[in-house]
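These are the residues of each chain, in order.
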Amino acid sequence: AQSVTQLGSHVSVSEGALVLLRCNYSSSVPPYLFWYVQYPNQGLQLLLKYTTGATLVKGINGFEAEFKKSETSFHLTKPSAHMSDAAEYFCAVSLSNNDMRFGAGTRLTVKP
Amino acid sequence: SAVISQKPSRDICQRGTSLTIQCQVDSQVTMMFWYRQQPGQSLTLIATANQGSEATYESGFVIDKFPISRPNLTFSTLTVSNMSPEDSSIYLCSVDLLAGDNEQFFGPGTRLTVL
């Protein structure tokens, strides 16, 4: 069965600084990978996803992630943090359409 | 994409009572899911609710505690029965549009507090 590990339950960056949220997965075959964002008191919104093809995936709000099979990683980055990026971020892995596993989440704080 | 609404958005309930949460989708979908997100935690799948079949529950969740209805392709309900404070969580529904990429679209969630 697949699983996902997010390193760092809480990440704090200054406004304008690089954002790096780490995600590693465990799967017997290459899975589909997702990053979701959850703003306070809201549901989950898809930031980006990797299914096949180009390993560098660009998403909304300036975020991108790179699928690295050799490292079983799918880290999320953004070159310059904005105050509005403060939220909870979840990495997820899926092998089939009825089985999506979520990481524990990383809370991003952006300092002015 | 899909637009999903949930009712109620939040509620405060007394222990021993039951609450039914509604999930409405703006298009017909086969696969719907119910998740629980306990305070400060990640999402845990409760059950998969496909129209035309009984809901499939994950380990640790039972139908008597979380009965689910799926009367048509745009609607589902989750009932949290005989509630205790440990049931205080956010409950989210989601759908898979079967576009081949396993992406799920989420509702805004129902924030439940049990006193």
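Residues numbered from 1 in each chain as written. Chains lettered and ligands numbered in written order. Predicted model: local features only at pLDDT ≥ 70, side-chain atom pairs only at ≥ 80, totals over all residues. Heavy atoms only, no water.

J.: Describe the overall build of chain B, and please don't skip the residues or the numbers.
T.: Scanning chain B for helices and strands turns up zero helices and eleven strands. Mapped in sequence order, the helices and strands of chain B form the string β-β-β-β-β-β-β-β-β-β-β. In summary, chain B has a C-alpha radius of gyration of 13 Å against a globular reference of 13 Å for 115 residues, a match within 12%. In terms of principal-axis extent, the alpha carbons of chain B reach across some 40 × 25 × 20 Å. (Helix = DSSP H or I, 4+ residues; strand = E, 2+ residues; numbered from the N terminus. Rg over C-alpha atoms; globule rule 2.2 N^0.38 Å.)

J.: Describe the interface of chain A and chain B, and please don't skip the residues or the numbers.
T.: Taken together, the 21 residues of chain A in the interface contact 20 residues of chain B. Where chain A abuts chain B, roughly 1600 Å² becomes buried across the two surfaces, and 50% of that area is made up of carbon and sulfur atoms. Contact with chain B buries surface across chain A, with L44(A), N97(A) and F102(A) losing the most and accounting together for 30% of the total. Summed over the shared surface of chain A and chain B, the number is two salt bridges. The tally of links from chain A across to chain B stands at eight residue pairs in polar contact (both at pLDDT 80 or more). Secondary-structure elements contributing two or more residues to the side of chain A that touches chain B are β4 (32-38), β5 (44-50), β9 (87-96) and β10 (99-102) of chain A. Of the residues contributing to the side of chain A that touches chain B, the split by class is ten nonpolar, ten polar and one charged. (Contact = heavy atoms within 4.5 Å. Buried area = accessible area lost by both parts, 1.4 Å probe. Salt bridge = Lys/Arg side-chain N within 4 Å of Asp/Glu carboxyl O. Polar contact = N/O pair within 3.5 Å; in protein donor to acceptor, adjacent residues only side chain to side chain. Nonpolar A, V, L, I, M, F, W, Y, C, P; charged D, E, K, R; others polar.)

J.: Talk me through the nonpolar core; I want residue IDs and the actual numbers.
T.: One finds W35(A), L47(A), L48(A), F74(A), L76(A) and Y89(A) to be the most contacted residues of the largest nonpolar core, which totals 27 residues. Looking at this core, the elements with two or more residues in it are β2 (10-14), β3 (19-26), β4, β5, β7 (64-68), β8 (73-78), β9 and β11 (106-111) of chain A. Not counting chain neighbours up to four residues away, the residues in contact with L76(A) comprise V19(A), L20(A), L21(A), W35(A), L47(A), L48(A), F63(A), E64(A), A65(A) and Y89(A). If you look at the next biggest cluster of nonpolar residues, it comprises 26 residues, including C13(B), I21(B), V25(B) and V80(B). (Core = buried A, V, L, I, M, F, W, Y, C linked by side-chain atoms within 4.5 Å. Buried < 20%, exposed > 50% of the residue type's maximum accessible area, 1.4 Å probe, protein only.)

J.: Report on the pattern of salt bridges, specifying residues and quantitative values.
T.: Taken as a whole and judged by the stated rule, the model has seven salt bridges over all chains. In this structure, K49(A) and E103(B) form a salt bridge, with 2.6 Å as the shortest nitrogen-oxygen distance. Note that K49(A) is positioned in strand β5 and E103(B) in the loop between β9 (89-96) and β10 (104-106), a pairing that runs across two chains. Of the residues examined, K49(A) reaches a relative accessible area of 29% and is grouped as partly exposed.

J.: Can you explain the sheet that holds β8(A)? Please cite residues and give values.
T.: Residues and elements named next belong to chain A. What the five strands build is an open sheet, ordered β1-β3-β8-β7-β6; its pairing is antiparallel. Edge positions in the sheet fall to β1 (3-7) and β6 (56-58), since each has one partner strand and no second. The sheet shows a mean angle of 20° between the axes of neighbouring strands, direction not considered. Sheet analysis places β7 next to β8, joined by five bridges and oriented antiparallel. Within β8, the residue paired with A65 across the bridge is L76. (Pairing = 2+ DSSP bridges. Axes fitted to C-alpha atoms, helices over the stretch in contact; angles between N-to-C directions.)

J.: Account for the state of the cysteines, naming residues and giving values.
T.: Such a bond, covalent and formed between the sulfur atoms of two cysteines, is termed a disulfide. Under the definition given, this model contains two disulfides over all chains. Here C23(A) engages in a disulfide with C91(A); their sulfurs sit 1.9 Å apart. Here the disulfide of C23(A) and C91(A) is left-handed, its torsion about the S-S bond being about -65°. Here C23(A) is found in strand β3, whereas its partner C91(A) is found in strand β9, with 68 residues between them in sequence. Taken as a pair, C23(A) and C91(A) share a single burial class, namely buried. For C23(B), the disulfide goes to C93(B), at an S-S distance of 2.0 Å. Disulfide C23(B)-C93(B): torsion about the S-S bond near 75°, hence right-handed. With C23(B) in strand β3 (residues 19-25) and C93(B) in strand β9, this residue pair connects regions lying 70 residues apart in the sequence. (Disulfide = S-S within 2.5 Å.)

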